[in-house]
Amino acid sequence: MDLTAYSSEETSFAASAGTHYAAEAAAEVYRTGGNAADAAVAAAAAVAVTEPLMSSVGGGGFALVRPPEMGSGGAELIDYYDCMPGKGLPPSAFGAGGSPTTVILKYGAGVKSIVGAASCAVPGSLRGWELLLSRHGRFTLRETLAPAVRLAREGFRLGKTSGMWCEVAEEVLRLTDETKKNFFTDGRPYREGDEIRFLELADTLESVGEEGADLFYEGELGRRTSSYILSEGGVITEEDLATYEAIVRVPLSFAYSGSIVHTNGPPAAGGPTLAQMARVISAYDLASLPDADYAKILAGAMKYALEDRERAYTEIAENAKVAERLMGEEYVRAQRARILGPAPGGAFGSPHTTHLSCVDASGLAVSITASMGYGSGIVIPGTGIPMNNTLGEPELNPKGFHALTPGERLISSMSPTVISSPDGDLVSLGSPGASRIPTAILQTLINVVVFGLPLEAAVSAPRLHAEGDLFAYESGASKPDLSAYERVLAYDEPSMFFGGVNAARRTPEGVFEAAADPRRAGGMAFA
């Protein structure tokens, strides 16, 4: 039997996540009476334990939910992403004295990142999980956190992707003794295959399960977090934590090839970028095109949309208007003309992100993308909580370091997505990978909706990416005329450069599929 597809007689649930531990945590919660929302929170918490540099209680994210009662045309977005701290502080507290701690991470040609306490934004994970459960789940926070508590206490083996990132982030992980205590063994960072236990984090998650998210945002855990961050030069205050709220938003929805696509809309920029690409290519019969023309259209849509992403989405308050203009028919036609002429009928950012997808028999689909940036090198003493460094990532802060108003959400490329069709097809998907998030999702969308591929084939198919003067591609991917690009990167094997799509599906026939991107060390589970 195909390991990624199960008949409805054998299963009623599918999950895909950044680690096999997280996927199994989702299935465990579903088997005990939970639904896809409960399972998604269990997976998110388990990922925060077993993929410790990709997401965290000290980070944030987005959950795209398609409830069955809304049908194919409805969904909602829970925004629990990070926001700018510093409420109640004087202007002199910001900017890290003009000399924030900066490191060069050993990724590609080197990535410059601001770390330390001053890079920490207000995290939203616990508020987001709690809101998702209250609106769509059956279980309590304690019940959904139980698998993560067990993994943190009893231990797990570090996967390939996280092992590599421990090596990449070695300088960051040396920043404080507390961080070294959590991420070093025998004088070195943890490696793939090492057995890890996070005993303090287990106790923290257990306490949060018993007392709720208020423990972090309004209780002793929050006071400890704020006190430590402030003492280390950061700007998270108790007021920042007490006033943080997860927000329910109307997602961005658009039609594509007979399906409805729901994704993360403004003020985030990733979903609108995905939608802009899809709008541009929708005028072409992609399945009938020669490979070179297909690649030229796809690469052009990527290149121009990512150019707009960097240039236009700079003011949170204006992003909805920007998205409306960039997805408008007049602008889309102009983009098509730049690529092929008039159509018939009209530094690459942080990969420290993770995605998980859950779908159940009722038609409830949950797609979560979460991140902690590159990680700040800060672990709150006695809690095991690693903190984000999203204030230190330039692409999330286009106005500059500490330039946002306290309470203002950061801009994000995260694009949790759900695809639904009138015939009952339901796909939950998303990807990490910064600027490659929308391009990875777009190609998976095309593979499923246009080419009709099973989920595993759709996710594992060779990818391309075009951005600025760069064209990158994996062996087997379609290629345009490469002379049009100044930089060309060819990958002989699937590479995590192109994201890491995790997807789950219920087909119109009631067959459940799940696929974990071979470019990362993810996992799948069924129940």
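Right, let's walk through the structure included here. Keep in mind that what you see is a predicted model, and the values were worked out from it rather than measured. (Residues numbered from 1 in each chain as written. Predicted model: local features only at pLDDT ≥ 70, side-chain atom pairs only at ≥ 80, totals over all residues. Heavy atoms only, no water.)

Ranked by size, the top nonpolar core spans 88 residues in total, and within it F13, V49, Y80, W129, L132, C358 and V366 carry the most contacts. By residue number, the principal contributor to this core is helix α2 (residues 36-50), which donates 11 residues. For V49, the contacting residues outside a window of four places in its chain are A148, L151, A152, F156, F198, L201 and L205. Grouped together as the second largest cluster of nonpolar side chains are 81 residues, A14, L326, L391 and I411 included. (Core = buried A, V, L, I, M, F, W, Y, C linked by side-chain atoms within 4.5 Å. Buried < 20%, exposed > 50% of the residue type's maximum accessible area, 1.4 Å probe, protein only. Helix = DSSP H or I, 4+ residues; strand = E, 2+ residues; numbered from the N terminus. Contact = heavy atoms within 4.5 Å.)

Here the focus is the pairing of strand β5 (residues 102-105). With burial as the criterion, only one face of β5 is covered, namely that bearing V103 and L105; the residues T102 and I104 on the opposite face remain uncovered. In the sheet, β5 pairs with strand β6 (residues 111-114) via 4 bridges, with the strands oriented antiparallel. Its bridge partner lying in β6, V103 is registered against S113. (Pairing = 2+ DSSP bridges.)

Right, let's get into the pattern of salt bridges. Scanning the entire structure with this criterion turns up 29 salt bridges. With a shortest N-O distance of 2.9 Å, D79 and R249 are connected by a salt bridge. Residue D79 is located in strand β4 (residues 76-80), and its partner R249 is located in strand β11 (residues 247-249); the two are separated by 170 residues in the primary sequence. Its relative accessible area of 21% is what places R249 among the partly exposed residues. With a closest N to O distance of 3.1 Å, K181 and E178 form a salt bridge. Residue K181 and its partner E178 are both found in helix α7 (residues 177-183); the two are separated by 3 residues, about one turn of the helix. (Salt bridge = Lys/Arg side-chain N within 4 Å of Asp/Glu carboxyl O.)

This part is about the sheet that holds strand β22 (residues 487-491). The strand order β20-β21-β22 describes an open sheet built from 3 strands, whose pairing is mixed. Edge strands, defined here as strands with exactly one partner in the open sheet, are β20 (464-467) and β22. Between one strand axis and the next, the sheet turns by 10° as a mean value, whatever way the strands run. Judged from the 5 bridges that link them, strand β21 (residues 470-474) and β22 form a sheet pairing that is parallel. Among the inter-strand pairings, F471 is bridged to a residue of β22, identified as V488. Sheet contacts for helix α13 (residues 291-312): β20 and β21; angle to β20, the most-contacted strand, approximately 45°. (Axes fitted to C-alpha atoms, helices over the stretch in contact; angles between N-to-C directions.)

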